[in-house]
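Residue-level listing of the chains:
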Amino acid sequence: MCNGANPDGTVTVTPRVNFSNDFSNKFVGRDSPQVATLVNFRECTNSIPNRFHPGTVVHCGGVSVWDVASGGRMGQVMGEDSTEIAPAATRCTANCTAQNQVQGKAVVVGFPFPVPDAVRLKPRVFNGFTQP
């Protein structure tokens, strides 16, 4: 059992979008917001081709825009920690400490390298600005 788990021992994982590059298989990360909301754009709705959990995500490839509340923060999680199934950060805006630590108990699902074109978020634009 880890901090942040549900009473039955399961963990609810919020949808996440990982980022990487085409040069290093060890470079993988994800945004780590706390009291911040991803700003969605309708022109960036992507289908998720997951045979177990198909769905959609509203996120422009190459760009993420966040509305960070007063006292909130934006960070990033890098390496295998970014691909583990673990609880999200606890909501906190003052005198925060590291909570919801899984201490090796999370399942690491990995990340494909190179990322296949079929699962890359598209379009890679934001308000007319094209990402390389």
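Residues numbered from 1 in each chain as written. Predicted model: local features only at pLDDT ≥ 70, side-chain atom pairs only at ≥ 80, totals over all residues. Heavy atoms only, no water.

(A) Broad picture of the overall build of the protein chain. Tallying secondary structure elements over the protein chain gives zero helices and nine strands in all. In the protein chain, the order of α-helices and β-strands from amino to carboxyl end is β-β-β-β-β-β-β-β-β. Buried residues in the protein chain amount to 22% of all 132 residues. Accessible area for the protein chain stands at about 9,100 Å²; split by element, carbon and sulfur atoms hold 53% of it. (Helix = DSSP H or I, 4+ residues; strand = E, 2+ residues; numbered from the N terminus. Buried < 20%, exposed > 50% of the residue type's maximum accessible area, 1.4 Å probe, protein only. Areas by Shrake-Rupley, 256 points an atom, 1.4 Å probe, with all protein chains shown as cover.)

(B) Focus on empty space enclosed by the protein. Within this structure, the stated rule accounts for two cavities of 30 Å³ or more. Counted as a void, the second largest cavity has a volume near 40 Å³. Taken together, Ser 20, Asn 21, Ser 24, Asn 25, Phe 27, Val 28, Phe 111, Pro 112, Phe 113 and Val 115 form the lining of the second largest cavity. (1 Å grid on protein atoms, 1.4 Å probe; cavity = no way out; pocket = protein on both sides within 12 Å on 5 of 7 lines; lining within 4 Å. Points joined across faces, edges and corners; volume = space filled by probe spheres on them.)

(C) Inspection of the environment of Arg 16 at higher detail. Mapped onto the elements of the fold, Arg 16 is located in the segment before strand 1 (18–20). The partly exposed category is assigned to Arg 16, whose relative accessible area is 24%. Linking Arg 16 and Thr 83, residues 67 residues apart in sequence, is a C-alpha distance of 9.2 Å.

(D) View of the pattern of salt bridges. Across all of its chains, the model carries one salt bridge by this definition. Note that Asp 22 and Arg 120 form a salt bridge whose closest N and O atoms lie 2.5 Å from each other. A residue pair is termed long-range when its members are at least 10 positions apart, and Asp 22 in the loop between strand 1 and strand 2 (28–38) and Arg 120 in the loop between strand 7 (107–108) and strand 8 (125–126) qualify at 98 residues. On the basis of relative accessibility, which here comes to 27%, the residue Arg 120 falls in the partly exposed class. (Salt bridge = Lys/Arg side-chain N within 4 Å of Asp/Glu carboxyl O.)

(E) Structural detail: the environment of Gly 79. Checked against the element boundaries, Gly 79 lands in the loop between strand 5 (66–78) and strand 6 (84–85). By relative accessible area, Gly 79 is classed as partly exposed at 23%. Linking Gly 79 and Ser 20, residues 59 residues apart in sequence, is a C-alpha distance of 9.9 Å.

(F) Just the pairing of strand 4 (residues 55–58), in detail. As paired elements, strand 3 (residues 45–48) and strand 4 share four bridges and run antiparallel to each other. Pairing of Ile 48 across the sheet is with Gly 55, part of strand 4. Turn length for the strand 3-strand 4 hairpin, with the two strands adjacent in sequence and antiparallel, is six residues. (Pairing = 2+ DSSP bridges.)

(G) Region of interest: the environment of Asp 22. By relative accessible area, which is 43% here, Asp 22 ends up partly exposed. It is 7.6 Å that separates the C-alpha atoms of Asp 22 and Val 115, two residues lying 93 residues apart in sequence. Setting aside residues up to four positions removed in sequence, Asp 22 forms contacts with Phe 113 and Arg 120. Side chain to side chain, Asp 22 and Arg 120 meet in a polar contact 2.5 Å long. (Contact = heavy atoms within 4.5 Å. Polar contact = N/O pair within 3.5 Å; in protein donor to acceptor, adjacent residues only side chain to side chain.)

(H) Expanded view of the confidence of the model for the protein chain. Looking at the protein chain, pLDDT values average 75 and 73% of them are 70 or higher. Mean pLDDT across the secondary structure elements of the protein chain bottoms out at strand 9 (residues 129–130), with 50, and peaks at strand 5, with 85. (pLDDT = per-residue confidence, 0-100.)

(I) Spatial organisation of the packing of aromatic side chains. One pass over the structure, following the stated rule, counts one aromatic pair. Where Phe 19 meets Phe 27, the ring centres are 6.3 Å apart and the plane angle is 50°; that geometry is what we call tilted. (Phe/Tyr/Trp six-rings, centres within 6.5 Å; stacked < 30°, edge-to-face > 60°.)

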